[in-house]
Amino acid sequence: EMEAKYTRKMQALRDELDLQRKTEIHELEERKNTQISELIGNHEGAFGAIKNYYNDITAKNLTLINLLKEQVEELKKKEAVLEKEKADVVRENKGLTEPLQEAQELVAELQRKLVNYYRDKEALMNSKAHLKVAQKELKDLRWEHEVLEQRFSQVQEERDDLYQNFTRAINEVQQKTGYKNLLLERKLHGLLTLLEQKEVELSEVLAASNLDPSALSLVSHKLEDVLSSKNATIQDLQIQLARVCKAHNDMLQTFEAKLTAFGIPLDNLGFQPLSFPIPGQ
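Residues numbered from 1 in each chain as written. Predicted model: local features only at pLDDT ≥ 70, side-chain atom pairs only at ≥ 80, totals over all residues. Heavy atoms only, no water.

The name given to the protein in an unreviewed UniProt entry is Dynein regulatory complex subunit 4, with the source organism recorded as Calcarius ornatus. According to its UniProt record, the protein has this under Sequence similarities (unreviewed entry): "Belongs to the DRC4 family." (UniProt positions renumbered as here; feature names shortened; annotations may be inferred.)

Encoded structure:
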């Protein structure tokens with residue numbers, strides 16, 4: 001029963017598909033026939049258009065051929081005239097050969113001059129560029145020169161002020177040092193004179209007193225102590241004088257270094273180093 005059932009279904013489906021296939025084939029044939037009819041109509045219209053086009057072209061070509069025949073006749077006449085003119089031109093060219101050669105040589109010479117002109121023009125442009133750079137550098141250098149001149153004037157004024165101040169300070173120091181040296185030398189000379197007088201007086205006292213050796217020894221020790229104290233005082237004064245001389249000479253060396261730095265000759269200084277009171281120190 002199932003086999004019979006599905007056999008019937010299969011047969012019904014087959015009949016339905018056959019009917020559908022036949023329907024589609026019929027529709028396809030109708031569309032094909034319609035397209036064939038359209039193509040035949042289109043082809044006939046295109047063929048007619050092409051036929052008319054080529055008929056027009058043929059007519060135009062015939063007209064063109066006739067026109068070209070006329071033009072060929074005219075060209076032959078012109079060719080004859082040109083041949084005659086050509087012969088005349090050849091004769092003229094034979095007469096112009098020598099001037100042409102001269103002209104060619106002149107053109108070659110002018111071309112060489114033109115090359116030199118371009119080269120000179122390029123060199124001139126380079127020179128102008130270098131000139132602009134040099135002018136700018138010159139302008140900068142002039143500006144720097146003006147600035148340096150102003151700075152030089154300012155430095156000169158500062159140098160003159162410094163020279164005057166140093167001269168004034170050196171004069172003051174020299175005056176003070178000379179005055180102090182004079183006082184120290186006078187004091188030292190007075191002490192030496194006093195020491196000599198005391199020694200003479202002591203010798204006279206010792207000679208007149210007729211002291212015994214023990215008293216004489218005691219007096220001698222006291223005298224040596226006094227002399228040692230005086231010698232120490234003299235040495236201190238000499239050391240102070242040496243310090244003053246050294247300070248004066250150090251300041252003088254500093255002043256000479258400043259003068260040398262500012263370019264002032266040392267001949268205009270007018271000061272001399274002080275000698276030390278103690279040789280070798």
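Colleague: What exactly am I supposed to notice about the overall build of the protein here?
Modeller: Looking only at helices and strands, one finds two helices and zero strands in the protein. Expressed as a percentage of its 281 residues, the buried residues of the protein come to 8%. For the protein, long-range pairs separated by at least 24 residues make up 78% of all intrachain contacts whose partners lie at least 6 apart in sequence. About 23900 Å² of surface is accessible on the protein, with carbon and sulfur atoms providing 57% of the total. (Helix = DSSP H or I, 4+ residues; strand = E, 2+ residues; numbered from the N terminus. Buried < 20%, exposed > 50% of the residue type's maximum accessible area, 1.4 Å probe, protein only. Contact = heavy atoms within 4.5 Å. Areas by Shrake-Rupley, 256 points an atom, 1.4 Å probe, with all protein chains shown as cover.)

Colleague: Mind showing me how you'd approach the pattern of salt bridges here?
Modeller: Pairing between side chains of opposite charge can happen when their charged atoms approach one another. Inspection of the entire model under this criterion finds five salt bridges. In this structure, Asp 18 engages Arg 21 in a salt bridge whose closest nitrogen and oxygen atoms are separated by 3.8 Å. Of this pair, Asp 18 and Arg 21 both sit in helix H1 (residues 2-209), three residues apart, which is roughly one turn of the helix. Between Glu 109 and Arg 112 there is a salt bridge; the shortest N-O distance is 2.1 Å. Taken together, the positions of Glu 109 and Arg 112, both in helix H1 and three residues apart, correspond to about one turn of that helix. When its relative accessible area of 46% is taken as the criterion, Arg 112 is described as partly exposed. (Salt bridge = Lys/Arg side-chain N within 4 Å of Asp/Glu carboxyl O.)

Colleague: How should a negative patch on the surface be read in this particular structure?
Modeller: A cluster of acidic residues, Glu 24, Glu 27, Glu 29 and Glu 30, forms a negative patch on the protein surface. Take Glu 30: it is sitting in helix H1. (Patch = residues over 30% accessible without salt bridge, like charges linked within 9 Å, V, L, I, M, F, W, Y side chains within 5 Å. Lys, Arg positive; Asp, Glu negative; His and termini not counted. Charge placed at Lys NZ, Arg CZ, Asp CG, Glu CD.)

Colleague: Can you walk me through the packing of aromatic side chains in this structure?
Modeller: Any two aromatic rings considered together are summarised by their centre-to-centre distance and by the angle between their planes. Enumeration over the complete set of coordinates arrives at two aromatic pairs. For the pair Tyr 53 and Tyr 54, a centre-to-centre distance of 5.4 Å together with 75° between the ring planes defines the contact as edge-to-face. Ring geometry for Tyr 117 and Tyr 118: centres 5.8 Å apart, planes at 50°, overall tilted. (Phe/Tyr/Trp six-rings, centres within 6.5 Å; stacked < 30°, edge-to-face > 60°.)

Colleague: Looking at this model, I keep getting lost on a nonpolar patch on the surface. Mind explaining?
Modeller: On the surface, Ile 50, Tyr 53 and Tyr 54 cluster together to form a nonpolar patch covering roughly 350 Å² of accessible area. In this structure, Tyr 54 sits in helix H1.

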